[in-house]
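Observations on the three-dimensional arrangement
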Amino acid sequence: MRAVVHHRFGDPAEVLVVETVPTPEPGPGQVRVRVLASPIHNHDLWTIRGTYGYQPELPARAGTEAAGVVDALGEGVESLQVGQRVATGGTFGAWAEYVIAPAAGMVPVPDGLPDEVAAQVVAMPFSAISLIDFLDLRDGDWLVQNAANGAVGRLVAQLAAGRGLHVLGLVRRPGAVEELAAQGITNVVATDAADWRERVREVTGGAPLVAGVDSVGGQAAGDVASLLAEGGTLAVFGAMAAPTLQIASGDVIFKQLVVRGFWGSRVSAAMAPAKRAALMGEVFRSLVAGTLTLPVAATYGLDDVAQAAAASLDAGRVGKVLLRP
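For the structure given in this document, a descriptive report is provided here. (Residues numbered from 1 in each chain as written. Predicted model: local features only at pLDDT ≥ 70, side-chain atom pairs only at ≥ 80, totals over all residues. Heavy atoms only, no water.)

**Some points on the overall build of the protein chain**
Scanning the protein chain from terminus to terminus reveals twelve helices and 16 strands. Computed over C-alpha atoms, the radius of gyration of the protein chain comes to 20 Å, within 12% of the 20 Å expected from 2.2 N^0.38 for 325 residues, which places it in the range of a compact globule. In terms of overall dimensions, the protein chain has a C-alpha envelope of 60 × 40 × 35 Å along the principal axes. Counting across all 325 residues of the protein chain, residues that qualify as buried make up 50%. Carbon together with sulfur atoms contributes 51% to the accessible area of the protein chain, which is approximately 14500 Å² in total. (Helix = DSSP H or I, 4+ residues; strand = E, 2+ residues; numbered from the N terminus. Rg over C-alpha atoms; globule rule 2.2 N^0.38 Å. Buried < 20%, exposed > 50% of the residue type's maximum accessible area, 1.4 Å probe, protein only. Areas by Shrake-Rupley, 256 points an atom, 1.4 Å probe, with all protein chains shown as cover.)

This is the structure in structure tokens:
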């Protein structure tokens, strides 16, 4: 089969290649999935660069999420059938024609859900709903997030509304405000304006912001922290622009803020199966209702993986970049 491989860590556009490798066979409790579509996530690119929390041995495969069709069953697998459409997240090596994954981790895909949506349904939507749940907010609460026009930012805004929460989104340019409005996401403020803090007060009506999400790092993290109410929680989700946080000590000390890291893989692994199923059900209900959307920016074949990786870094894109074997 054909698979995306890298023999050294570095810029994905430079180190990724497509090679012919042996088609794997499923072991006990595993299934082989014929991949239909696989998204490119930021954590995939960080892993290829060697800067993520998980660093594979080289030469390494790439990609972690996919939608596909069960192609073969390992010993003892009775919950799935050959030919069944499934989605998987956290399955390393998904940028390939076939991938091996634990049967217990497969998510059956409902009829009528397009492949390009199914390919995105596990990692980012589940991370977003898990993040919201992690913050332990109540109906009517306000939270603030930067990178509101990013994939997770859009999902948090849409899923939070289903729980009766209000989300203040921060972006870095006015054009992003208009892009989000076109997707039905409002309460967004561009921080490049001199009066952006006044605009925040207008949007929230002065309501306390009890939680914040930082996906950018640097001064952007400090901006979010500065808006939080006394006793507020700042969840650190990513570091798109800087690997350090620039947070004023006065905000932490005098407002008694709590800063917590959120790593979706770790949170998911520690989550009770019933809880995981309930949150996944919340995601699917939102998709069926049309209140959650998963747009696609572009689709590439495996041979164009370098171009696809570069396209995934385009700040102006709307939706995920997908690979189709």
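**Topic: the sheet that holds strand E2 (residues 16-20)**
Pairing is antiparallel across the open sheet formed by three strands, whose spatial order is E2-E1-E4. Single-partner strands in this sheet number two, and they are E2 and strand E4 (60-61). As paired strands, strand E1 (residues 2-6) and E4 are joined by two bridges and run antiparallel to one another. Counted as the bridge partner of Val-5 is Arg-61 from E4. (Pairing = 2+ DSSP bridges.)

**Points about the sheet that holds strand E13 (residues 233-236)**
One open sheet holds the six strands; their spatial order is E11-E10-E9-E12-E13-E14, and the pairing between them is parallel. Every other strand in the sheet has two partners, leaving strand E11 (188-190) and strand E14 (258-261) as the edge strands with one partner each. Recorded for the sheet is a direction-independent mean angle of 20° between the axes of neighbouring strands. The sheet contact formed by E13 and E14 spans four bridges and is parallel. Residue pairing for E14: Thr-233 is matched across the bridge by Val-258. (Axes fitted to C-alpha atoms, helices over the stretch in contact; angles between N-to-C directions.)

**Points about the pattern of salt bridges**
Taken as a whole and judged by the stated rule, the model has 13 salt bridges. Between Arg-2 and Asp-303 there is a salt bridge, with the nearest N and O atoms lying 2.5 Å from each other. Residue Arg-2 is found in strand E1, and its partner Asp-303 is found in the loop between strand E15 (296-301) and helix H12 (305-312); the two are separated by 301 residues along the sequence. Residue Arg-2 is classed as partly exposed on the basis of its relative accessible area of 25%. Glu-179 is the partner of Arg-173 in a salt bridge, and the nearest nitrogen-oxygen pair spans 3.3 Å. Owing to a relative accessible area of 29%, Arg-173 belongs among the partly exposed residues under this scheme. On the basis of relative accessible area, Glu-179 is assigned to the partly exposed category, the value being 25%. Connected through salt bridges with shared partners, the residues Asp-133, Arg-163, Lys-275 and Glu-282 form a single ionic network. (Salt bridge = Lys/Arg side-chain N within 4 Å of Asp/Glu carboxyl O.)

**Thoughts on the nonpolar core**
By size, the foremost hydrophobic cluster in this structure holds 41 residues, and its most contacted members are Val-121 and Leu-287. Among the secondary structure elements, those contributing two or more residues to this core are helix H3 (115-118), helix H4 (123-134), helix H5 (151-161), strand E12 (209-214) and helix H11 (273-289). When residues of this core are assigned to their parent elements, the largest contribution, eight residues, is made by H4. Ignoring any residue separated from it by four or fewer positions in sequence, one finds Leu-287 in contact with Val-117, Val-121, Leu-292 and Leu-294. (Core = buried A, V, L, I, M, F, W, Y, C linked by side-chain atoms within 4.5 Å. Contact = heavy atoms within 4.5 Å.)

**A closer look at H11**
Under the 1.5 Å per step criterion, the end-to-end length of H11 is 24 Å for 17 residues, consistent within 8% with the ideal 24 Å. Of all the residues in H11, the buried ones are Leu-279, Met-280, Gly-281, Glu-282, Val-283, Phe-284, Ser-286 and Leu-287. Where H11 is buried, its residues contact strand E8 (107-108), H3, H4 and H5. Phi turns positive one or two residues past the end of H11, at Gly-290, with a value near 85°. (Expected span 1.5 Å × (residues − 1).)

**Digging into the environment of Asp-115**
The topology assignment puts Asp-115 in helix H3. Along the chain, Asp-115 and Gln-30 lie 85 residues apart, while their C-alpha atoms are 22 Å from each other. If near-sequence neighbours (up to four positions away) are discounted, Asp-115 is found in contact with Leu-36, Ala-37, Ala-67, Arg-85 and Arg-324.

**Brief notes about helix H2 (residues 42-49)**
The complete set of buried residues in H2 reads His-43, Asp-44, Leu-45, Thr-47 and Ile-48. Considering only its buried residues, H2 is in contact with E1, helix H1 (12-15), E2, strand E3 (30-39), H4 and H12. Positive phi shows up at Gly-50, right after H2, with a value of about 85°.

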